[in-house]
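One-letter residues, chain by chain:
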Amino acid sequence: MMPFPVTAPGPQQTPTSPKHHGISSPISLAPPKETDCILTQKLIETLKPFGVFEEEEELQRRILILEKLNNLVKEWIREISESKSLPQSVIENVGGKIFTFGSYRLGVHTKGADIDALCVAPRHVDRSDFFTSFYDKLKLHEEVKDLRAVEEAFVPVIKLCFDGIEIDILFARLALQTIPEDLDLRDDSLLKNLDIRCIRSLNGCRVTDEILHLVPNIDNFRLTLRAIKLWAKCHNIYSNILGFLGGVSWAMLVARTCQLYPNAIASTLVRKFFLVFSEWEWPNPVLLKEPEERNLNLPVWDPRVNPSDRYHLMPIITPAYPQQNSTYNVSVSTRMVMIEEFKQGLAITHEILLSKAEWSKLFEAPSFFQKYKHYIVLLASAPTEKQHLEWVGLVESKIRILVGSLEKNEFITLAHVNPQSFPAPKENPDKEEFRTMWVIGLVLKKPENSEVLSIDLTYDIQSFTDTVCRQAINSKMFEMDMKIAAMHLKRKELHQLLPNHAFQKKKTDSTEGVRLTTLNDGSLNLSVDSEDSMSVPLLTSTVKTSPMTGSSQGRNSSALAVMTAPVTSVQVSEVSSQQLNPGDCSGSASSEGIPQTALHPAISPPPKTAVTRVVSSTCLVNHPPRPSGSAATNIANPIVGV
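A few points on the structure. (Residues numbered from 1 in each chain as written. Predicted model: local features only at pLDDT ≥ 70, side-chain atom pairs only at ≥ 80, totals over all residues. Heavy atoms only, no water.)

### Digging into the environment of K229
Turning to step 1, where the next piece is worked out: On the secondary structure map, K229 appears in helix α7 (residues 218–234).
Turning to step 2, where the next piece is worked out: A residue is classified by how much of its surface remains accessible, and K229, at 9% relative accessible area, is buried.
Turning to step 3, where the next piece is worked out: In this structure the C-alpha to C-alpha distance between K229 and A251, which are 22 residues apart in sequence, comes to 8.4 Å.
Turning to step 4, where the next piece is worked out: In this structure K229 touches S103, V108 and Y238, once residues within four positions along its chain are discounted. (Helix = DSSP H or I, 4+ residues; strand = E, 2+ residues; numbered from the N terminus. Buried < 20%, exposed > 50% of the residue type's maximum accessible area, 1.4 Å probe, protein only. Contact = heavy atoms within 4.5 Å.)

Here's what the structure looks like:
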């Protein structure tokens, strides 16, 4: 069976499901009303212009490409079998197969999206064969372009473009003599005697297939997930590598919502999604099924056994063995941002239910570059396009380390990185250089007993750039002209670096004042007013990589130099508390409620801890406490949750 998804966007009424899904009873078994069907059809019409539905012709093209790739795999495995002198009876039935996973397997891929695939081979085919003879076979195929192998990756992969469709192919060798056509990768016994790289490669398919088996209605799940993924991308919270959620995590949250409302259709499920997860008591884990014990001695997520798992802030646990937390990158800041987006989404969907707003409002991009008054801009540059691609990938993978360092500062309430990167203007127009930048918005805590608060971020920036350079050197990637620059900018200065389309016309209110002034030393330093009318000092600077020999300035940096970039004094304002926590200002966006026994049936609530509050003229904002010294929270039975 080739796992090709069928996309049928039409709304469907679902009969009451007799099967029990999930680890708790449903919250509601109510069937859809006529208004729900109308709202679902309106949702579909709103989604269409965003390109989330692929045309039938394009879908058939993908199916044809995967069939060609599947035939190539079978042909290659036969050739390998013959070269290793296997019996003819085995060669004739040796098999081999391409499986898909990710958004394509889930049936929620968008126009032009890539395909995640897995090549499954029998035991006599080695990984080295995959990266040599199969790679060579692909190279000779006329429809294959941009072929490259990443053999040393955490999950080794061959990347290619097949007739215009980008495909990532993983490899797994099973302990089987032949690969049958009806092979079910969810069978845990297949993991026996496999090396860890094969287990990692199988994980994507196993998780995706489990999710599809654990939802009450696949069509309703798919349409809801399309809407939630688009919403997350529009609101800049779709990025696993930067500490938000990736595709599989959003899929599991939507799947859990479907389990709790098994007969609901997409318009209701989108609203219930925001209701459930705006009220979720993190760090209680989200589970789609009870974790099952297997005697395969593989590491699984379990805070009772693994101390490091106790620090995970927003655990969403994959349903296939070995169970893992798909959100271990989430930080205090990214969780705070996502929770506020959940609350805002709940408020908007309530307006839609009352016919006070259209679905398009849910997918309006927020004004990130007007929301904050302090920004850190990171720039990565390299002299060639190939070096730049590698350098940008490394820098981006480490940005969450910088965010984690910033949010440990007691005077930084929030460090919000925008997952979208931008091309940066050239430093020298006459010199060929490839530059990319990311932007981090900062919310500073207003001092209570002092007129001036000075925050030195030099060490945080230098530690980050040190980490990036050290890894680049260890992996033999670093070249002398690869650079990182970090600078602090005011909101009014962002237009000098960012393209015009990055800015929104919508203005935001502000309640707290900050001023910027240049100092004369070499540190990155932020200073905050205690009164709006006061003038206070602030330094901005850039931190750049220098050649890996020679001296440097700053603390604990062997490879970096700090260079001051002067900025004139100007008054700016912090993001308002109302923008950070709209749900707290207006009360519940809906009269709906979720029984806490349904959300967390077997977990004792975590102990109440003191929280920091920032008081404004509009409302209170609660900020989750940061772990220090001990575990983030104590959960009575942490492996059991919803």
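### Things to note about the environment of Q344
Turning to step 1, where the next piece is worked out: With respect to the helices, strands and loops of the structure, Q344 is situated in helix α10 (residues 332–353).
Turning to step 2, where the next piece is worked out: Q344 gets classed as partly exposed once you look at its relative accessible area, which sits at 28%.
Turning to step 3, where the next piece is worked out: In this structure, the C-alpha to C-alpha distance between Q344 and S278, residues 66 residues apart in sequence, is 8.9 Å.

### Quick word on the pattern of salt bridges
Turning to step 1, where the next piece is worked out: All told, the structure shown has 24 salt bridges when counted by the stated rule.
Turning to step 2, where the next piece is worked out: Residue E45 is joined to K48 by a salt bridge in which the shortest nitrogen-to-oxygen separation is 3.2 Å.
Turning to step 3, where the next piece is worked out: By relative accessible area, E45 is classed as partly exposed at 41%.
Turning to step 4, where the next piece is worked out: Given the relative accessible area of 41%, K48 is considered partly exposed.
Turning to step 5, where the next piece is worked out: As a salt-bridge pair, R197 and D195 come within 3.9 Å of each other at their nearest N and O atoms.
Turning to step 6, where the next piece is worked out: By relative accessible area, which is 37% here, R197 ends up partly exposed.
Turning to step 7, where the next piece is worked out: Accessibility expressed as a relative area gives 31% for D195, which makes it partly exposed.
Turning to step 8, where the next piece is worked out: Sharing partners across several salt bridges, the network here consists of D188, R206, E210, K289, E292 and R294. (Salt bridge = Lys/Arg side-chain N within 4 Å of Asp/Glu carboxyl O.)

### Focus: helix α1 (residues 34–47)
Because an α-helix completes one turn every 3.6 residues, residues spaced three or four positions apart along the sequence face the same direction.
Turning to step 1, where the next piece is worked out: With 14 residues, α1 extends 20 Å from end C-alpha to end C-alpha; this agrees with the ideal 20 Å at 1.5 Å per step.
Turning to step 2, where the next piece is worked out: Every buried residue of α1 is listed here: D36, C37, L39, T40, L43, I44, T46 and L47.
Turning to step 3, where the next piece is worked out: The inward-facing, buried residues of α1 contact α7, α9 (266–278) and α10. (Expected span 1.5 Å × (residues − 1).)

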